[in-house]
Protein chains: 2
Amino acid sequence: MSNIIEMGKRAKETAVELARLSTSDKNRALISASDMIMEDMAEILAINEIDVKNALANGIKGAFIDRLTLTEERIRGIADGLRQVASLPDPVGEVISMKTMDNGLIIGQKRVPMGVIGIIFEARPNVTADAFGLCLKAGSATILRGGKEAIGSNVAIVKSIQKGLRKEGISEYAVQILEDTSRETATEMMRLNEYIDVLIPRGGAGLINAVIQNSTVPVIQTGVGNCHIFVDETAKQEDAIRIIINAKTQRPGVCNAMEKLLVHENIAKEFLPKVCDALREKNVELRGDDKTRAIENGINVATDEDWSTEYEDLIMSIKIVKNVDEAIEHIRKYTTHHSEAIITENYTNAQKFLNEIDAAAVYVNASTRFTDGSQFGFGAEIGISTQKLHARGPMGLKELTTTKYIIYGSGQIRE
Amino acid sequence: MSNIIEMGKRAKETAVELARLSTSDKNRALISASDMIMEDMAEILAINEIDVKNALANGIKGAFIDRLTLTEERIRGIADGLRQVASLPDPVGEVISMKTMDNGLIIGQKRVPMGVIGIIFEARPNVTADAFGLCLKAGSATILRGGKEAIGSNVAIVKSIQKGLRKEGISEYAVQILEDTSRETATEMMRLNEYIDVLIPRGGAGLINAVIQNSTVPVIQTGVGNCHIFVDETAKQEDAIRIIINAKTQRPGVCNAMEKLLVHENIAKEFLPKVCDALREKNVELRGDDKTRAIENGINVATDEDWSTEYEDLIMSIKIVKNVDEAIEHIRKYTTHHSEAIITENYTNAQKFLNEIDAAAVYVNASTRFTDGSQFGFGAEIGISTQKLHARGPMGLKELTTTKYIIYGSGQIRE
């Protein structure tokens, strides 16, 4: 029997135990895991240094190395994250509805743990503890499969967490990590329907697509954000500029950052020079359609590829549109269904945009950067769903649970 | 470009139109489709007769032929079904929650249509109209792929519905059916992620597994029901017998019918003869474990295959268990996570069973036959989900929708 099947079996058994834990049991486990990570800091840092050295030796550089690298501060952040999850309300056990039917049957719908949650992620060691923490609080066991470059760091973090669990008398199999990071094992994990209830990939488009293509286990697609902001004719232009600068430049590498600007043609001549100057001041490289370039003639042409690309960088493409309908049409063609915004004072256009744009989050007069579990008041998030099943938008603890119907009878039979 | 891609494109375009329809528009379309089916009754019956003849000529018989066959009464039932869906509340547009954050952002979560729903089903022509009706009311376009034996009848019903839609000025592409019933086309449909938002297979275990194995489109697994009833030591035995007879014999071919009986050892000698007599009177073939056969010596042995089989027939296997824990352990091993019941007067055991059994519906002192959209008050159902994502248990109109976040701002940016 392969190792991954063994892991699946242990996770499934442990899930039964986790589902029975009280909120305070789970919180104690989270805090104990957090303490143990702090205690093991020196060891984790030493192992992470080896991961980073190996990655550099393999020619990896830039943002990838940054995400892979742990520091004292980052490890403290990871440990604090687990304590924060302990402070969040427990989603398990909430009865969402309960009603008495004509025949006296009492039918309730109750939030229960998912069971076993698989997380497939790239080389970001912080995901190891984050994912474990949220899944445990939601009453589920976790099987992790992280990128090979971070495997040493990930295993070290999991070992610390497991020590913390054992100390509280909870099965260490509440979190397991695949030490074999081959593609074959990942594929095997994606087909472990008997033991894994849901798979959540966290990473770039390539990883997510690979999981969708290969998984028979149900997947929650988290995603890519090619986010648009449409500045309508009636927009408060100063607000629009503040929002655009925030959405594009506050943190350009994340999925809720803005990538495309659409501007109503009636204000383009007045508005574009102002917004482009502000963007250039923030070192944003601008691209545009022909109409945009007729006004801002220094900028390069935006190709069809530009319109569909999530830059995750200080680059933005600009298009001039006739009206809200053309804006909606363009967005419909290129949206990744993540976050889209309109800046307008026109009531009808605001409502139209909210109704007709098909995305996880649709904004009027605010930055797309708010699409985030903590900003939505969930305390933390496991990712942002850009698909339509189960959860859409930021996923907090609730979205990591399922429900079951509980029915209290008194001898009822069906006629 | 293949036909199925064309269909997908048309469905996606139509979905935009359907999402904008008012409730009364949708209701008029449903009633018009219902009228048209009644008008075309003779034609549908004639085509169905050919389907049935062909099936018989191909050696098909029994329950399959029964499900395939349409009669005047059944067509009236199909037409009435569409009218009933028209009378149900519209799930689309409901704002599930709305709150104002500290920064003044107003974040609401709104129920919106899924978009395009694919239904893969076996040779039951009634599913054609049922599925269309529910999906349309939920604001989505439907692509149907039914079994080849019913293709003539299915196409005829779809044509009637489309006439009804056109009469109300609604795109006929709100419902489309694959006329090519080859396996290749079905597989192509299962990989149409760009155009289909969710696939719901309706049929036996073979069909459902094929969809899970092959689909890259998100699937809602509807399911098989190997349903157990555990009769505890303290059960009201007369109630238990009534419930068991109902759950096993009222309609043995459906997924919420009971398949396995577990009996507490302390009452087995008294209870088993009574319940077995009652079951035999209803022509139920009984199988049992050794302890059962020591009491009821006429019955055959239940093999390990029996414990995991959904008979969908007048067959039942019986096992004697030590207590509620052994009952839970047995169910955990063989459950299909559909419907499970305990008959008991013991409060602690009732709560334990409700908490620890992992199924879509868990009952105390009632028949498993209640797991059904209409019995749960949903008016109608598209199927019963036995998986954990998105919906679990009977799926009504609400479960055919998704949500999106709508955010009303006044210039907010993220700090």
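Residues numbered from 1 in each chain as written. Chains lettered and ligands numbered in written order. Predicted model: local features only at pLDDT ≥ 70, side-chain atom pairs only at ≥ 80, totals over all residues. Heavy atoms only, no water.

- An unreviewed UniProt entry annotates chain A as Gamma-glutamyl phosphate reductase of Candidatus Fimicola merdigallinarum.
- According to the UniProt record, the Catalytic activity (unreviewed entry) comment for chain A reads "L-glutamate 5-semialdehyde + phosphate + NADP(+) = L-glutamyl 5-phosphate + NADPH + H(+)". (UniProt positions renumbered as here; feature names shortened; annotations may be inferred.)

1. Things to note about the UniProt feature "domain: Aldehyde dehydrogenase" (unreviewed entry) in chain A
Turning to step 1, where the next piece is worked out: The positions UniProt marks with the feature "domain: Aldehyde dehydrogenase" (unreviewed entry) are residues 7–287 of chain A.
Turning to step 2, where the next piece is worked out: As annotated, residues 7–287 of chain A comprises 52% helix and 17% strand, and the C-alpha atoms at either end are separated by 49 Å. (Helix = DSSP H or I, 4+ residues; strand = E, 2+ residues; numbered from the N terminus.)

2. Here we look at the relation of the copies chain B and chain A
Turning to step 1, where the next piece is worked out: Take chain B, turn it by 180°, move it 0.0 Å along the axis, and it overlays chain A with an RMSD of 0.0 Å. The symmetry that links the two subunits is that of a two-fold axis. Within chain B, the C-alpha atom positioned nearest to the axis of rotation is that of His390 of chain B, 1.7 Å from it.
Turning to step 2, where the next piece is worked out: A high fraction, 100%, of the interface residues of chain B reappear at the interface in chain A, so the copies pair face to face through one surface. (Least-squares fit on C-alpha atoms with pLDDT ≥ 70 in both. Contact = heavy atoms within 4.5 Å.)

3. Details of the sheet that holds strand β6 (residues 198–202) of chain A
Neighbouring strands of a sheet are bound in pairs by backbone hydrogen bonds; such pairs are parallel or else antiparallel.
Residue and element names in this part refer to chain A.
Turning to step 1, where the next piece is worked out: Spatially, the four strands line up as an open sheet ordered β5-β4-β3-β6, and their pairing is parallel. Strands with a single pairing partner mark the edges of an open sheet, and in this sheet they are β5 (175–177) and β6. When strand polarity is set aside, the average angle formed by the axes of neighbouring strands in this sheet is 20°.
Turning to step 2, where the next piece is worked out: Bridge count between strand β3 (residues 116–121) and strand β4 (residues 141–145): five bridges; the pairing is parallel. Bridge pairing in β4 links Ile120 to Arg145.
Turning to step 3, where the next piece is worked out: On the sheet, helix α7 (residues 151–167) packs against β3, β4 and β5 and is oriented at approximately 160° with respect to β5.
Turning to step 4, where the next piece is worked out: With respect to the sheet, helix α9 (residues 205–214) is in contact with β3 and β6, its orientation differing from that of β6 by roughly 160°. (Pairing = 2+ DSSP bridges. Axes fitted to C-alpha atoms, helices over the stretch in contact; angles between N-to-C directions.)

4. A few points about the side chain of Lys260 of chain A
Residues and elements named next belong to chain A.
Turning to step 1, where the next piece is worked out: On the secondary structure map, Lys260 appears in strand β8 (residues 258–264).
Turning to step 2, where the next piece is worked out: One buried charged residue, Lys260, forms no salt bridge at all, with the nearest opposite charge on Glu259 at 5.6 Å.
Turning to step 3, where the next piece is worked out: Reaching out from Lys260, the side chain makes a polar contact with the side chain of Asn226 at a distance of 2.7 Å.
Turning to step 4, where the next piece is worked out: Here Lys260 is in contact with Asn226, Cys227, His228, Ile229, Asp306, Trp307, Ser308, Thr309, Tyr311, Met316 and Ser317, once residues within four sequence places are set aside. (Buried < 20%, exposed > 50% of the residue type's maximum accessible area, 1.4 Å probe, protein only. Lys, Arg positive; Asp, Glu negative; His and termini not counted. Salt bridge = Lys/Arg side-chain N within 4 Å of Asp/Glu carboxyl O. Polar contact = N/O pair within 3.5 Å; in protein donor to acceptor, adjacent residues only side chain to side chain.)

5. Notes on helix α5 (residues 72–87) of chain B
Residue and element names in this part refer to chain B.
Turning to step 1, where the next piece is worked out: Taking 1.5 Å as the rise per residue, α5 with 16 residues should run 22 Å; its terminal C-alpha atoms sit 23 Å apart, in good agreement.
Turning to step 2, where the next piece is worked out: Residues of α5 that are buried: Ile75, Ile78, Ala79, Gly81, Leu82, Val85 and Ala86. Down the axis of α5, the smallest arc covering the buried residues is 145°, so these residues share one side. Exposed and facing more than 90 degrees away from the buried side of α5 are Glu73 and Ser87. (Expected span 1.5 Å × (residues − 1). Arc of directions from axis to C-beta.)

6. What to know about the packing of aromatic side chains
Think of a pair of aromatic rings as described by two things: how far the centres are apart, and how the planes are tilted against each other in angle.
Turning to step 1, where the next piece is worked out: Taken as a whole and assessed by the stated rule, the structure comprises four aromatic pairs over all chains.
Turning to step 2, where the next piece is worked out: Ring centres 4.9 Å apart and planes at 80° place the aromatic pair Phe376 of chain A and Tyr405 of chain B in the edge-to-face group. Within this pair, whereas Phe376 of chain A is found in the loop between β13 (361–366) and β14 (383–385), its partner Tyr405 of chain B is found in strand β16 (residues 401–412), the two belonging to separate chains. For the pair Phe376 of chain A and Tyr405 of chain B, one class covers both residues: buried.
Turning to step 3, where the next piece is worked out: Taken together, the ring pairs connect Phe376 and Phe378 of chain A together with Tyr405 of chain B into an aromatic cluster.
Turning to step 4, where the next piece is worked out: Over the aromatic face of Tyr173 of chain A sits the side chain of Arg10 of chain A, whose NZ or CZ is 4.6 Å from the ring centroid. (Phe/Tyr/Trp six-rings, centres within 6.5 Å; stacked < 30°, edge-to-face > 60°. Lys NZ or Arg CZ within 6 Å of the ring centre and 35° of its normal.)

7. Concerning helix α3 (residues 41–57) of chain B
All names here are of chain B.
Turning to step 1, where the next piece is worked out: For α3, spanning 17 residues, the distance from its first C-alpha to its last is 24 Å, which sits close to the expected 24 Å at 1.5 Å a residue.
Turning to step 2, where the next piece is worked out: For α3, every residue scored as buried is listed here: Met41, Ile44, Asn48, Asp51, Val52 and Ala55. Projected onto a plane normal to the axis of α3, the buried residues spread over an arc of 95° and lie on a single side. Facing away from the buried side of α3 by over 90 degrees, the exposed positions are Ala42, Glu43, Lys53 and Ala57.
Turning to step 3, where the next piece is worked out: Packed against the buried residues of α3 are α2 (23–39), α4 (63–68), α5, α6 (125–137) and α7 (151–167).
Turning to step 4, where the next piece is worked out: The positive-phi residue at the C-terminal boundary of α3 is Gly59, with phi of around 85°.

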